[in-house]
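Residue-level structure breakdown
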Amino acid sequence: MKNFLSFADAGDYKALLAQALEIKQNPFGYQHVGRNKTVGLIFFNPSLRTRLSSLKAAYNLGAQAWVLNAGADSWTLEMADGAVMNGTTQEHIKDAIAVMSEYCDVLGVRTFPTLKDKEADYSEEVLSKILQYATVPVISLESATLHPLQSFADLITVAETKTKPRVKVVLTWAPHVRALPQCVPNSFADWFSEIDWVDFVITHPHGYELDPKFTKGATIEYDQRKALEGADYVQAKNWSSYRHYGEVLSTDPSWMLTPEHMNLTDNGKFIHCLPVRRNVEVSDAVLDAPGSLIIQEAGNRTFSMQTVLHELLK
Ligand SMILES: CCC[C@H](NC(C)=O)C(=O)O
Ligand SMILES: NC(=O)OP(=O)(O)O
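The protein chain carries the name N-succinylornithine carbamoyltransferase in an unreviewed UniProt entry, which gives Hymenobacter polaris as its organism. Here is the UniProt Subunit (unreviewed entry) comment for the protein chain, exactly as written: "Homotrimer." One UniProt comment on the protein chain, placed under Function (unreviewed entry), says "Catalyzes the transfer of the carbamoyl group from carbamoyl phosphate to the delta-amino group of N(2)-succinyl-L-ornithine to produce N(2)-succinyl-L-citrulline. Is essential for arginine biosynthesis."

This is the structure:
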């Protein structure tokens with residue numbers, strides 16, 4: 001593993017999953033790997049789970065860690081190569097990333113999409129610059145198109161709770177009051193389309209089709225109720241349109257997940273990456289039900305990150 005940016009970087013996902021389940025059972029058993037190492041975390045956007053679970057993962061592994069909120073704690077960064085920096089930007093990203101690489105052994109970076117410039121976002125323009133200038137391995141803490149640490153934690157959660165050899169996993173779109181990135185659903189599809197013991201279904205209104213490069217192997221079902229029939233796991237998440245880039249095409253409240261929706265499943269368990277707009281995306285009754293795994297799923301963010309750090313630092 002050189003960097004951790006997508007499912008492809010997981011390599012043998014079965015081995016990585018087994019390692020994660022072992023680390024979860026023995027979280028302090030690998031401190032020789034992190035001793036005398038430093039984890040750097042740069043956030044260009046807000047975070048609770050990713051920020052805190054990454055620190056916890058570093059400490060579990062015996063490493064030190066620092067966090068930088070780009071633009072708030074640091075100088076205003078210039079992203080354009082060749083720019084004449086006589087305006088409001090005070091430091092070029094090429095200098096900032098090269099310098100931060102001097103202060104850590106692995107660099108985690110969160111860089112959300114613009115949701116305005118589809119070409120820039122889907123070419124991962126900012127992450128590509130970071131990869132170009134970093135001199136240490138890079139971990140995506142959610143990039144412009146993917147969120148691999150979240151999807152890996154989701155896989156850990158499903159694997160450790162499933163009671164059947166093969167499970168039906170459904171990703172359903174949910175309404176929201178804002179335009180959100182496609183990163184979480186793209187990444188969930190990037191991972192769950194490839195797991196050989198999962199039947200993977202994506203359901204959403206017309207116009208919310210994700211980039212086909214992530215949804216190969218998934219069944220796309222526009223009828224949410226039909227998609228939910230017999231599901232073992234349901235992940236709800238809002239995303240803005242990929243085709244009509246960044247647009248909110250629907251706020252249809254009938255897509256909000258309720259117990260009536262979950263009654264269509266096969267005693268299905270519920271997951272959501274959080275943060276969630278309660279009673280807009282998903283009802284309290286679903287989020288707080290015995291079959292809701294949202295807190296266990298959030299807890300598994302520590303172990304997805306700790307496993308990746310172990311692979312990159314060992
Ligand atoms: C983990 C989720 C992060 C982000 N959520 C919001 C609210 O921006 C998203 O939807 O990608
Ligand atoms: N799920 C997740 O990544 O949460 P944060 O955005 O709070 O880190």
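Glancing now at the overall build of the protein chain. Across its full length, the protein chain carries 13 helices and 11 strands. At 19 Å, the protein chain has a C-alpha radius of gyration in line with the 20 Å of a compact globule built from 314 residues. Across its three principal directions, the C-alpha atoms of the protein chain cover 55 × 45 × 30 Å. Counting every position in the protein chain, which comprises 314 residues, the buried fraction comes to 59%. In the protein chain, 79% of the contacts between residues at least 6 apart in sequence involve partners at least 24 apart. Carbon and sulfur atoms make up 52% of the accessible area of the protein chain, which amounts to about 13,000 Å² in all. Of the side-chain charges in the protein chain, 29 are positive and 37 negative, and the distance between the mean point of each set is 3 Å.

Let us now look at the pairing of strand β5 (residues 106-110). With five of five residues buried, β5 is to be regarded as a mostly interior element. Because side chains alternate across β5, one face comprises the buried residues Val106, Gly108 and Arg110, and the other comprises Leu107 and Val109, equally buried. Relative to β5, strand β1 (residues 38-43) runs parallel, the two being bridged by five bridges. The residue bridging Gly40 from the neighbouring strand is Leu107, located in β5.

Look at the link from Leu274 to Pro275: it is a cis peptide, with omega at 0°. Position of Pro275 among the secondary structure elements: in the loop between β11 (269-271) and α12 (284-287). One non-glycine residue with positive phi stands out, namely Asn36, at about 65°. Within the secondary structure layout, Asn36 lies in the loop between α2 (31-34) and β1. Since its relative accessible area comes to 76%, Asn36 is described here as exposed. Positive phi outside glycine occurs at Glu142, with the angle close to 120°.

Before going further, it helps to spend a moment on the site of ligand 2. Neighbouring ligand 2 are Ser47, Leu48, Arg49, Thr50, Arg110, His147, Gln150, Cys273, Leu274 and Arg301. Between an oxygen atom of ligand 2 and a side-chain N or O atom of Ser47, the distance comes to 2.6 Å. Contact between ligand 2 and Arg110: an oxygen atom at 2.8 Å from a side-chain N or O atom of the residue. The protein chains hide 93% of the 260 Å² of surface that ligand 2 would expose on its own. A molecule is said to occupy a pocket when more than half its atoms come within 2 Å of that pocket's grid points, and by this definition ligand 2 occupies the largest pocket. In the shell around ligand 2, the residues fall into three nonpolar, four polar and three charged. Viewed by domain, the shell around ligand 2 spans two of them, domain 1 (3-147 + 300-313) and domain 2 (150-298), each represented by three or more residues.

So, on to the UniProt feature "domain: Aspartate/ornithine carbamoyltransferase Asp/Orn-binding" (unreviewed entry) in the protein chain. Look at the UniProt record and you will see "domain: Aspartate/ornithine carbamoyltransferase Asp/Orn-binding" (unreviewed entry) annotated at residues 199-309. Between the end C-alpha atoms of residues 199-309 the distance is 29 Å, and the span holds 30% helix and 14% strand.

Turning next to the side chain of Thr302. Examined against the element boundaries, Thr302 turns out to sit in helix α13 (residues 294-313). Here Thr302 falls in the buried class, since its relative accessible area comes to 11%. Non-local contacts of Thr302, meaning those with residues more than four positions away in its chain, are made with Ser53, Lys56, Ala57 and Asn60.

What the largest pocket holds in volume is close to 510 Å³. In terms of lining residues, the largest pocket is bounded by 25 residues, among which Arg110, Phe112, Glu142, Leu274 and Pro275 are the most central. Mapping the lining of the largest pocket onto the domain boundaries places at least three of its residues in each of domain 1 (3-147 + 300-313) and domain 2 (150-298). Here the second largest pocket is characterised by a volume of approximately 230 Å³.

Moving on, we come to the pattern of salt bridges. Proximity of charged atoms lets side chains of opposite charge pair with each other. Taken as a whole and assessed by the stated rule, the structure comprises 13 salt bridges. Lys226 is paired through a salt bridge with Glu221; the nearest N and O atoms lie 3.7 Å apart. Residue Glu311 pairs with Lys314 through a salt bridge whose shortest N-O separation is 3.2 Å. The class of Lys314 is exposed, set by a relative accessible area of 62%.

Rules used in this analysis
Residues numbered from 1 in each chain as written. Chains lettered and ligands numbered in written order. Predicted model: local features only at pLDDT ≥ 70, side-chain atom pairs only at ≥ 80, totals over all residues. Heavy atoms only, no water. UniProt positions renumbered as here; feature names shortened; annotations may be inferred. Helix = DSSP H or I, 4+ residues; strand = E, 2+ residues; numbered from the N terminus. Rg over C-alpha atoms; globule rule 2.2 N^0.38 Å. Buried < 20%, exposed > 50% of the residue type's maximum accessible area, 1.4 Å probe, protein only. Contact = heavy atoms within 4.5 Å. Areas by Shrake-Rupley, 256 points an atom, 1.4 Å probe, with all protein chains shown as cover. Lys, Arg positive; Asp, Glu negative; His and termini not counted. Charge placed at Lys NZ, Arg CZ, Asp CG, Glu CD. Pairing = 2+ DSSP bridges. Near = heavy atom within 4 Å. Polar contact = N/O pair within 3.5 Å; in protein donor to acceptor, adjacent residues only side chain to side chain. 1 Å grid on protein atoms, 1.4 Å probe; cavity = no way out; pocket = protein on both sides within 12 Å on 5 of 7 lines; lining within 4 Å. Sits in = over half its atoms within 2 Å of the grid points. Nonpolar A, V, L, I, M, F, W, Y, C, P; charged D, E, K, R; others polar. Domains from an automatic or database assignment. Points joined across faces, edges and corners; volume = space filled by probe spheres on them. Salt bridge = Lys/Arg side-chain N within 4 Å of Asp/Glu carboxyl O.

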